[in-house]
Amino acid sequence: MNVVRRSAAALAAAVVLGAAATPVAQAADPSPSPSVALPSGLYGTSDPTYDGVWRQSLALLAQHTVGVKPAGKATDWLAGQQCDNGGFAAFRAEPAKDCDAKTMADTNSTAAAVQALAALGGHDAATGKAVDWLKSVQNKDGGWGYTPGGPSDANSTAVVIGALAAAGEQPDAVVKDGKSPYDALLKLAIPCGEKDGGAFAYQPDEKGTLAANADATAAAVLGTLGKGLAAEAGRKAEPTCADAETPEQAAANGAAYLTKALAEDGHLTSALPGAEDQPDYGNTADAVVALAAQGGAAQAAKPLQWLEQNATTWAEQSGPAAYAQLILAAHAAGADPKDFGGTNLVDRLNATGPAPQAVLQDRAVAQKDAGDEGPSFGVWWYVGVFLVVGIGIGFLLSGRNKRK
């Protein structure tokens, strides 16, 4: 689930319009010329103003799923972005200063950071404060909007559910006015008998009408399953549409809608006003994770294959969050992210930020084996030496006993 892949342009437009931004089609490193100094621990080279915490969280989470230990300064940068109240903003250029009234902490950045820091371990105090903040801004319908007090949307509610689960909470027990996050998601599910039945809407429109949204559906499938961004494949299950009386059935309904949407081309499309429909790589990656989590890896095979054949150029242009999305898709669907259509996604992601600790250790070992630090002796050489020394000591003690 890529919950809010917001480009700088999309967020700027949202501010002008005075409305919450809807999810945009592609994950992007939108600006080649950052307006702020880039911290050395941050992944990506584009302006982090609108997505710094989000892309960092995805990068660290993706590395964790493939057994890569991130650089300490990368993790420290993410943890250092937290405000004293527990929330995270999209980016703080001066994290040493306290957050003030102008600092807009948001649910998506906070929830993504919780998932990453919880996976890495050792940040219980930080994740605990963040979860407390998320609970404090829960809406009366049980869900969350992007900003505190904003109307609940499927994407924000789903990513918060993932954060709650990652922090050891029971999402259905986190209630406001008797409503849980699952109640909020079920209100956004389109009934099976209607057009686009099984899908989820991002939010109702002004008239309360629900319009199918593929990205919101992928997010909500994970949310109703109680899973997060780094979900693994679930047990095999048929994605059939039926009355959504439980969150699990709503997830199956959403998977059925995604399966139908992907059936023809193997990918989702973006439909931006004034532009021709284009393949939507990010949302397709989210759909792979959702389908695999709901019904097993085989259910996501077709869109995964399409991503392997087509998505690496998009990721190269878009930055670390895009590489992370593809790694998370491969992780969920049982593919090898180190050989994703012939591309090593892990190496590509690692190259967008500070070298992970595991890479540094591997390099040191390689240099030693190559003779850069003197002769290289294997473990068995040392075993042999100790055996010889041990035999010598045995003879020495034996001789002493005979003389006695």
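Our subject is the structure that appears above.
First things first, this report covers the structure right here in the doc.

What counts and how
- Residues numbered from 1 in each chain as written.
- Predicted model: local features only at pLDDT ≥ 70, side-chain atom pairs only at ≥ 80, totals over all residues.
- Heavy atoms only, no water.
- Helix = DSSP H or I, 4+ residues; strand = E, 2+ residues; numbered from the N terminus.
- Buried < 20%, exposed > 50% of the residue type's maximum accessible area, 1.4 Å probe, protein only.
- Contact = heavy atoms within 4.5 Å.
- Areas by Shrake-Rupley, 256 points an atom, 1.4 Å probe, with all protein chains shown as cover.
- Core = buried A, V, L, I, M, F, W, Y, C linked by side-chain atoms within 4.5 Å.
- Axes fitted to C-alpha atoms, helices over the stretch in contact; angles between N-to-C directions.
- Parallel < 35°, antiparallel > 145°, perpendicular 65-115°, else oblique.
- Left-handed = near helix turned anticlockwise from the far one by under 90°.
- Nonpolar A, V, L, I, M, F, W, Y, C, P; charged D, E, K, R; others polar.
- Disulfide = S-S within 2.5 Å.
- Salt bridge = Lys/Arg side-chain N within 4 Å of Asp/Glu carboxyl O.
- Phe/Tyr/Trp six-rings, centres within 6.5 Å; stacked < 30°, edge-to-face > 60°.

## Considering the overall build of the chain
Phase 1: Counting its regular elements, the chain contains 16 helices and 4 strands.
Phase 2: The buried share of the chain, taken over its 404 residues, is 48%.
Phase 3: Across the chain, contacts joining residues at least 24 apart in sequence account for 60% of those joining residues at least 6 apart.
Phase 4: Split by element, the accessible area of the chain, about 18700 Å² in all, is 53% carbon and sulfur.

## Thoughts on the nonpolar core
Phase 1: In terms of nonpolar packing, the biggest core is built from 79 residues, with Leu 78, Leu 229, Leu 258, Leu 307 and Leu 326 touching the most fellow members.
Phase 2: In terms of residue count, helix H13 (residues 320-333) provides more of this core than any other element does, 11 residues in total.
Phase 3: Contact partners of Leu 258, with chain neighbours within four places excluded, come to Ala 214, Thr 217, Ala 218, Val 221, Ala 287, Ala 290 and Leu 291.
Phase 4: Ranked by size, the runner-up nonpolar core spans 11 residues in total, among them Tyr 182, Leu 188, Ala 189 and Phe 200.

## Description of unusual backbone geometry
Phase 1: At Asp 177, a residue that is not glycine, the phi angle is positive and equals roughly 55 degrees.
Phase 2: Inspection of the secondary structure assignment puts Asp 177 in the loop between helix H6 (154-166) and helix H7 (181-186).
Phase 3: Taking the relative accessible area as the measure of exposure, Asp 177 reaches 56% and is therefore exposed.
Phase 4: Of note in the backbone geometry, Asp 196 takes a positive phi value of approximately 60 degrees without being a glycine.
Phase 5: For Asp 196, the location among the structural elements is in the loop between H7 and helix H8 (214-225).
Phase 6: We classify Asp 196 as partly exposed; its relative accessible area is 33%.

## Some words on the packing of helix H4 (residues 107-120) against H6
Phase 1: Their axes nearest at 8 Å, the elements H4 and H6 cross at an angle of 30 degrees. Our classification of the angle between H4 and H6 gives roughly parallel. For the element pair H4 and H6, the recorded crossing hand is left-handed. From H4, Thr 107, Asn 108, Ala 111, Ala 112, Val 114, Gln 115 and Ala 118 reach across to H6, where they touch Ser 156, Val 159, Val 160, Gly 162, Ala 163 and Ala 166.
Phase 2: Along the lines of polarity and charge, the residues of the contact of H4 with H6 split into 8 nonpolar, 5 polar and no charged.

## Brief notes about the state of the cysteines
Phase 1: Following the criterion strictly, the structure yields 2 disulfides and no others.
Phase 2: Across a sulfur-sulfur distance of 2.0 Å, Cys 83 and Cys 99 are joined as a disulfide pair. Linking Cys 83 and Cys 99, the disulfide has an S-S dihedral of approximately -85 degrees and is accordingly described as left-handed. On the criterion of sequence distance, the pair formed by Cys 83 in the loop between helix H3 (72-80) and strand S1 (88-89) and Cys 99 in the loop between S1 and strand S2 (105-106) is long-range, its members being 16 residues apart.
Phase 3: Disulfide pairing is shown between Cys 192 and Cys 241; the S-S distance is 2.0 Å. Its S-S torsion of approximately -90 degrees makes the covalent link between Cys 192 and Cys 241 left-handed. One end of the pair, Cys 192, is in the loop between H7 and H8; the other, Cys 241, is in the loop between H8 and helix H9 (247-262), and 49 residues separate them in sequence.
Phase 4: In the chain, numbering the disulfide-bonded cysteines from first to last in sequence yields the connectivity 1-2, 3-4.

## Here's the deal with the pattern of salt bridges
Phase 1: This model, assessed by the stated rule, comprises 3 salt bridges.
Phase 2: The closest approach of N and O atoms between Arg 55 and Asp 51, which form a salt bridge, is 3.0 Å.
Phase 3: The exposure class assigned to Asp 51 is buried, which follows from its relative accessible area of 9%.
Phase 4: One salt bridge connects Lys 135 with Glu 169, and the closest N-O pair in it is separated by 3.2 Å. Of this pair, Lys 135 sits in helix H5 (residues 124-136) while Glu 169 sits in the loop between H6 and H7, and the two are 34 residues apart along the sequence.
Phase 5: For Lys 135, a relative accessible area of 30% puts it in the partly exposed group.

## Description of the packing of aromatic side chains
Phase 1: One pass over the full model with this rule turns up 3 aromatic pairs.
Phase 2: When the ring of Tyr 281 is compared with that of Trp 306, the centres are 5.2 Å apart and the planes differ by 25 degrees; the resulting orientation is stacked. Within this pair, whereas Tyr 281 is found in helix H10 (residues 281-295), its partner Trp 306 is found in helix H11 (residues 301-310), the two being separated by 25 residues in sequence.
Phase 3: Linked through ring pairs, Tyr 281, Trp 306 and Trp 314 together constitute an aromatic cluster.

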